[in-house]
Structure formats: C-alpha cells, structure tokens
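So the chains spell out like this:
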Amino acid sequence: MNGKLEDISVALMMPTPMFDAHALKKSMKGAGTDEDTLIEIMCTRTNAEMAAIKLAYKKEFKNELEDDIMSDTSGHLKRILVSMSTGGREENDEVDAEKAAADAKALFEAGEKQLGTDESKFNVILATRSFPQLRATFDIYAKLAKKEIEDSIKSEMSGHLEKAMLTIVSVVRNKAAFFAQLLHRSMKGLGTDDKLLIRVIVSRCEKDLLRIKAEYLKNYNKPLAKDIAGDTSGDYRAMLLALIKD
C-alpha cells in the first residue's frame, strides 16, 4: 500500500476526534511546529468537537492538549489557541444588538483607532461570542471602521496570529466556503498537498461535505470531484471520490 493510500485508510479507521487528535500531535512533534494544521483544527471545531478531541488526545497521548499547545507555541498565537481549546463559545442563536455594538466599538478601539493593537480584546470576542452574534458585530464594525474586519486584521496583525484570527472570521461567515477554499488550495498549482486534502475530506465527510461541495462549485466553477480526479490516481483517487460520494 503506498503512502497516500495508507494515510487515508488509517485515517478512516479512526473516529474523527481521534483523527484530529493525531493530526494535532503530529503538528507539534519534533523540532518545528506545523502552525497551519494547529490553526486549521483549533480554530474551526465546535465546542462539542473540541471536548471530544481533548478526551481522545488525553487517552491516546497521556497528556493534556492544552499543555502541549502551551509548550509548543508562544505569544498571542498561544493565547488564541488555548482560548479555542477551552471550547467556551456561546452557542445560542439570539443576537444581542447592544452587545454587538459594544463589541464592534471595542474591536475598533483595540485596533484601527490606536497605534498598536490590543490583541487580547480580539481574542476574547472572537473566541467566545456565538456565530450569529459575531456576524452582527462584523456588520456594525464595517460601518464604524469603514472597512471589513478581515482588512483590519490584515493591517493590524501578521504571521500565524493573523492567520488564526482570519480563520475564525472565515468560519463564522461561512464554514463550508472556508473548507472549500482549503480543498482548492490543496490541489492548486504544481503538486498536491495530500495531507491537507485527506485531512479535510476525512474530517468533514460525515459533517458538511454536501455544503462544501456546493461552495466549491460556486466559487471555482467546477465540481470538487473533477479536481480530485484530475489531481490524484489509482485506489487513492477511488477512495477520495467514494468519500465525497462522486
């Protein structure tokens, strides 16, 4: 069995939280840290998914996920990843308009309005407010700052912290479109990022792959299956296509 086929076969034998736990462990193992994978998983999972991942991680590696993140990352990136690991996001659907206005103002004052950025304010709001609440906050923010929250993050932050914050905003706006973008990136240009392709397909195939496929078609004007078929081969291709039910 070749590497990619073995990778996807092993991935499919694991429950999704265990698969995520293994991907997180791998991203922190050895000399360097794979921040992209850390951010992708930690900044996109729901509270319930995060709780299941932490249990799987502890069971498999006899260590707390949070402790490993703290020893492997630093600064404001460490803070946002630890915040996400607590799974403390509000999950109600009601929007508090006053709170949205107050949060929009707080974000504006923490970034665009002053020299330097108060990253902790972004952390608190982006890691704890519900998705509907954040969408309302972003709308007010855009009127207040005369620019979208993404543009402010890009001008106020950099590197992996910027990526983490933008990931959260993307997921809040449209989670399926975010994963469609990752899939597109995994197959764009020369070569295929098979690890990313496998990770997204395996982790989403029982959740929201139908919506992801629809977003892919809408944003890239071709079916996901067509790109996968063109970028992969053999049994590996057949398995990916079976997973996306094409």
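For the structure itself, look to the data block above.
My aim in this report is to walk through the structure given alongside it, one point at a time. In this text, all values refer to a predicted model and were calculated from it rather than measured experimentally.

About the cut-offs
Residues numbered from 1 in each chain as written. Predicted model: local features only at pLDDT ≥ 70, side-chain atom pairs only at ≥ 80, totals over all residues. Heavy atoms only, no water. Helix = DSSP H or I, 4+ residues; strand = E, 2+ residues; numbered from the N terminus. Buried < 20%, exposed > 50% of the residue type's maximum accessible area, 1.4 Å probe, protein only. Contact = heavy atoms within 4.5 Å. Areas by Shrake-Rupley, 256 points an atom, 1.4 Å probe, with all protein chains shown as cover. Expected span 1.5 Å × (residues − 1). Bend = angle between axes of the 7 residues up to and from the residue. Salt bridge = Lys/Arg side-chain N within 4 Å of Asp/Glu carboxyl O. Core = buried A, V, L, I, M, F, W, Y, C linked by side-chain atoms within 4.5 Å. Polar contact = N/O pair within 3.5 Å; in protein donor to acceptor, adjacent residues only side chain to side chain. Axes fitted to C-alpha atoms, helices over the stretch in contact; angles between N-to-C directions. Parallel < 35°, antiparallel > 145°, perpendicular 65-115°, else oblique. Left-handed = near helix turned anticlockwise from the far one by under 90°. Nonpolar A, V, L, I, M, F, W, Y, C, P; charged D, E, K, R; others polar. 1 Å grid on protein atoms, 1.4 Å probe; cavity = no way out; pocket = protein on both sides within 12 Å on 5 of 7 lines; lining within 4 Å. Points joined across faces, edges and corners; volume = space filled by probe spheres on them. Arc of directions from axis to C-beta.

In this section: the overall build of the chain. Summing up its helical and strand segments, the chain has 15 helices and zero strands in all. Its C-alpha atoms give the chain principal-axis dimensions of about 55 × 45 × 35 Å. Out of the 246 residues belonging to the chain, those deemed buried represent 48%. Pairs at least 24 residues apart make up 70% of the contacts formed inside the chain by residues separated by at least 6 positions. Accessible surface for the chain amounts to roughly 12,100 Å². Of this, 52% is attributable to carbon and sulfur atoms.

Within an α-helix, residues lying three or four positions from one another point in the same direction, as the helix has 3.6 residues per turn. End to end, helix 11 (residues 159-187) covers just 23 Å across 29 residues, shorter than the expected 42 Å (1.5 Å per residue, more than 12% under). At Asn-174, helix 11 shows its largest bend, some 125°. Following helix 11 by one or two positions, Gly-189 adopts a phi angle in the positive range, close to 75°.

Turning to unusual backbone geometry, a few remarks are in order. Its identity is not glycine, yet Lys-62 carries a phi of approximately 55°, on the positive side. With respect to the helices and strands, Lys-62 occurs in the loop between helix 4 (47-61) and helix 5 (65-72).

The next point concerns the pattern of salt bridges. Inspection of the entire model under this criterion finds 14 salt bridges. Among the ionic contacts, a cluster of salt bridges with common partners joins Glu-148, Glu-150 and Arg-173.

With 44 residues, the main nonpolar core has Leu-24, Ile-80, Leu-81 and Phe-122 as its most contacted residues. With seven residues, the single largest contributor to this core is helix 11. In contact with Phe-122, other than residues within four places in its own chain, are Leu-107, Ala-110, Gly-111, Thr-117, Ala-127, Ile-149, Ile-153, Met-157 and Met-165.

Moving on to the side chain of Ser-85. Take Ser-85: it is sitting in helix 6 (residues 75-85). For Ser-85, the side chain forms a polar contact with the side chain of Glu-66, separated by 3.5 Å. Apart from the residues lying within four places of it in its own chain, the contact partners of Ser-85 are Met-42, Met-50, Lys-54 and Glu-66.

What follows covers the environment of Glu-109. Along the chain, the position of Glu-109 falls in helix 7 (residues 97-110). In the structure, Glu-109 is positioned 75 residues away from Asp-34 in sequence and 32 Å away in space, judged by C-alpha atoms.

It is the contact of helix 11 with helix 13 (residues 209-220), at a shortest axis distance of 8 Å, that shows an interaxial angle of 65°. In terms of axis orientation, helix 11 runs roughly perpendicular to helix 13. In this structure, helix 11 crosses over helix 13, and the sense of that crossing is right-handed. Contact residues: Asn-174, Ala-176, Ala-177, Phe-179, Ala-180, Gln-181, Leu-183, His-184 and Met-187 in helix 11; Arg-211, Ile-212, Glu-215, Tyr-216, Asn-219 and Tyr-220 in helix 13. Looking at the contact of helix 11 with helix 13 residue by residue, the classes come out as nine nonpolar, four polar and two charged.

Which parts of space are left empty comes out when a probe the size of a water molecule is rolled across the atoms. Roughly 800 Å³ of internal volume is contained in the largest pocket. Looking at the largest pocket, it is lined by 29 residues, and the ones nearest its centre are Thr-37, Glu-40, Lys-195, Leu-196 and Arg-199. If one sorts the elements of the lining of the largest pocket by residue count, helix 11 sits on top with eight residues. Taken together, the residues that form the lining of the largest pocket break down as ten nonpolar, six polar and 13 charged. Arg-45, Thr-46, Arg-89, Glu-91 and Phe-131 are, among the 24 residues lining the second largest pocket, the residues nearest its centre. Listed by contribution, the elements that provide at least two residues to the lining of the second largest pocket are helix 4, helix 6, helix 9 (131-145) and helix 11. With four residues, the top contributor of residues to the lining of the second largest pocket is helix 11. Residue composition of the lining of the second largest pocket, grouped by class: ten nonpolar, eight polar and six charged.

With respect to the helices and strands, Arg-204 occurs in helix 12 (residues 194-204). Residue Arg-204 is classed as buried on the basis of its relative accessible area of 2%. Sequence-distant contacts of Arg-204, defined by excluding residues within four places in its chain, comprise Arg-45, Lys-175, Phe-179, Leu-209 and Ile-212.

On to helix 1 (residues 3-13), then. Of all the residues in helix 1, the buried ones are Leu-5, Ile-8, Ser-9 and Ala-11. Down the axis of helix 1, the sector holding all buried residues measures 160°, keeping them to one side. On the buried face of helix 1, the contacting elements are helix 2 (16-28), helix 12 and helix 15 (234-243).

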